Amino acid sequence: MQATLLQQLVHKLAPNCCLWCQMQVQQPQAQLCDFCHAHLPSLDLSWVEHNALLLPQVAQGLTHPRFDSLYSLSWYRQPYRHWISQWKFQHQHAAGELLCQLLYQRAVLYQQQGGPLPDCISYTPVSNKRLQERGFNQAKLLALQLAEAWQLPCVSLFQSPDLVPHQIGLNRKERLANLKGKIQLKQRPLPAHVTLVDDVITTGATLDYLSSLLKAKGVQTVSVWTLAITRAF
């Protein structure tokens, strides 16, 4: 997206600072300087059919997933770890805007490389209480980036009437126990292929649970997109 003359003028008078190195950015509207953007960690999945489940470092940690493919921008490492935490827990919306921009850019590249597209995009839900506390659902904001990049509908397929306890530090079995009965599938027609979006995948418990709900109602293919993956080793 080209910057307007006003944005270019504002940039010259008061340029943004890079969200990683804190140096001045070179481009209007940019959140990163050119150097940090060029050296961002990246996970190239084009050589494994755009499916991180085919990587040994992922397959060993995500055994028998209910979803069919997984795509992420990076391993769960810096600076993604920092930006995701700042966005979710410190309400640093600049970090969220940057992560949304990076996901959009990768979605465009994915389509250009011939990656298969779904019929619609959805996202992991949050309870009303969690939504009131945080003010946003980061998974929904990320899902909207895919919808815009691919010109596909982003739909709310799940509801979470009860608060799901935080999953940080729990193993897969404990996370599944947390989820049971707390997330429900809305009654609506479902397409053959759904892409689910979340910020980070660790044990895969949440996305497995959502995938099982979809497949029980006839969805044939569930693909997952996240910002980052936690390595199994």
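Counting starts from 1 at the beginning of each chain's written sequence and moves along it residue by residue. Two thresholds apply to this predicted model, a pLDDT of at least 70 for residue-level local features and 80 or more for giving and counting side-chain atom pairs, whereas whole-chain, interface and lining totals are computed over all residues. Values shown for side chains rest on all heavy atoms present in the structure; no hydrogens or waters enter the calculation.

**A closer look at the pattern of salt bridges**
Any Lys or Arg side-chain nitrogen found within 4 Å of a carboxyl oxygen on Asp or Glu counts as a salt bridge. Under the definition given, this model contains three salt bridges. In this structure, Lys 88 and Asp 199 form a salt bridge, with 2.9 Å as the shortest nitrogen-oxygen distance. Here Asp 199 lies in the loop between strand 5 (193–197) and strand 6 (200–201) and Lys 88 lies in helix 4 (residues 80–90), a separation of 111 residues in the sequence. Only protein chains enter the accessibility calculation, which uses a 1.4 Å probe. A residue is then buried if its area is under 20% of the maximum for its type, exposed if over 50%, and partly exposed in between. Overall, Lys 88 belongs to the buried group, its relative accessible area being 18%. The exposure class assigned to Asp 199 is buried, which follows from its relative accessible area of 3%. Only runs of H or I of at least four residues qualify as helices and only runs of E of at least two qualify as strands under DSSP, and these elements are numbered from the N terminus.

**Concerning helix 9 (residues 205–216)**
Taking 1.5 Å of rise per residue, twelve residues should cover 16 Å, and helix 9 covers 16 Å from first to last C-alpha, within 8% of that figure. Burial analysis of helix 9 places nine of its twelve residues in the buried class, which makes it a mostly covered element. Residues Ala 205, Thr 206, Leu 207, Asp 208, Tyr 209, Leu 210, Ser 211, Ser 212 and Leu 214 constitute the buried set of helix 9. Of the residues one or two after helix 9, Gly 218 is the one with positive phi, at around 105°. A helix is expected to span 1.5 Å multiplied by its residue count minus one.

**A look at the nonpolar core**
Among buried residues, the Ala, Val, Leu, Ile, Met, Phe, Trp, Tyr and Cys ones that are joined through side-chain atoms within 4.5 Å form a nonpolar core. In this structure, Val 58, Phe 67, Leu 70, Trp 83, Leu 196, Leu 214 and Trp 225 are the most contacted members of the largest nonpolar core, which totals 64 residues. The dominant element in this core, judged by the number of residues it contributes, is helix 5 (residues 93–112), at eight residues. We call two residues in contact whenever any of their non-hydrogen atoms come within 4.5 Å of each other. Once you skip the residues sitting within four places of it in the chain, Phe 67 turns out to touch Leu 53, Leu 62, Ile 201, Gly 204, Leu 207, Asp 208, Ser 211, Val 222 and Val 224.

**Topic: the side chain of Arg 134**
In this structure, Arg 134 sits in helix 6 (residues 128–134). For the buried Arg 134, no salt bridge is present, and the opposite-charge side chain at shortest range is Asp 199, 6.2 Å distant. A polar side-chain atom of Arg 134 sits 2.7 Å from a polar atom in the side chain of Gln 138. When charges are counted, Lys and Arg are positive and Asp and Glu negative, with His and the chain ends excluded. The definition of a polar contact used here is a pair of N or O atoms within 3.5 Å, where within protein one atom must be able to donate a hydrogen and the other to accept one, and adjacent residues in sequence count solely through side-chain atom pairs.

**Regarding the packing of helix 5 against helix 7 (residues 138–150)**
Two quantities define a packed helix pair, namely the angle between the helix axes and the distance between the axes. The axes used here are C-alpha line fits, helices contributing only the stretch in contact, and every angle between their N-to-C directions lies in the interval 0 to 180 degrees. Two elements in contact, helix 5 and helix 7, have axes separated by 9 Å at closest approach and are oriented at 35°. For the crossing formed where helix 5 meets helix 7, the hand is right-handed. Residue-level inspection shows Leu 99, Cys 100, Leu 103, Tyr 104, Ala 107, Val 108, Tyr 110 and Gln 111 of helix 5 in contact with helix 7, the latter providing Leu 141, Leu 142, Gln 145, Leu 146, Glu 148, Ala 149 and Trp 150. Looking at the contact of helix 5 with helix 7 residue by residue, the class counts come to twelve nonpolar, two polar and one charged. Less than a right angle of anticlockwise turn of the near helix away from the far helix marks a crossing as left-handed, whereas a clockwise turn marks it as right-handed. Under the grouping applied here, Gly and all other residues not named as nonpolar or charged are polar, the nonpolar ones being Ala, Val, Leu, Ile, Met, Phe, Trp, Tyr, Cys and Pro and the charged ones Asp, Glu, Lys and Arg.

**Comments concerning the packing of aromatic side chains**
The aromatic pairing rule takes the rings of Phe, Tyr and Trp, using the six-membered ring of Trp, and pairs them if the centres are within 6.5 Å, calling planes under 30 degrees apart stacked, those over 60 edge-to-face and the rest tilted. Applying the stated criterion to the full structure yields eight aromatic pairs. Ring geometry for Trp 20 versus Trp 83: centroids 6.0 Å apart, planes at 80°, classification edge-to-face. Here Trp 20, found in the loop between helix 1 (5–13) and helix 2 (34–38), pairs with Trp 83, found in helix 4; they are 63 residues apart in sequence, far enough to count as distant. With 5.9 Å between their ring centres and 80° between their planes, Tyr 80 and Trp 83 make a pair best called edge-to-face. Residue Tyr 80 and its partner Trp 83 are both found in helix 4; the two are separated by three residues, about one turn of the helix. Exposure class is identical for Tyr 80 and Trp 83. Each is buried. Among the aromatic residues, those joined into a ring-pair cluster are Tyr 71, Tyr 110, Trp 150 and Trp 225.

**Observations regarding the pairing of strand 7 (residues 221–229)**
For strand 7, the buried fraction is high: eight of the nine residues fall into the buried class. For two strands to be treated as a pair, DSSP must find at least two bridges joining them. Strand direction decides the pairing type here: strand 1 (residues 69–75) and strand 7, joined by six bridges, are parallel. When the sheet's bridge partners are listed, Tyr 71 is paired in strand 7 with Trp 225. Relative to strand 7, strand 5 runs parallel, the two sharing five bridges. What sits directly across from Val 197, in strand 7, is Trp 225. Across two bridges, the pairing between strand 6 and strand 7 is parallel.

**Some details on the environment of Ser 42**
Secondary-structure assignment places Ser 42 in the loop between helix 2 and helix 3 (56–59). Residues Ser 42 and Ser 72 lie 30 residues apart in sequence; the distance between their C-alpha atoms is 8.8 Å. Discounting residues that sit within four places of it in the chain, Ser 42 has contacts with Leu 73 and Arg 106. Among the polar contacts made by the side chain of Ser 42, one reaches the side chain of Arg 106 at a distance of 2.7 Å.

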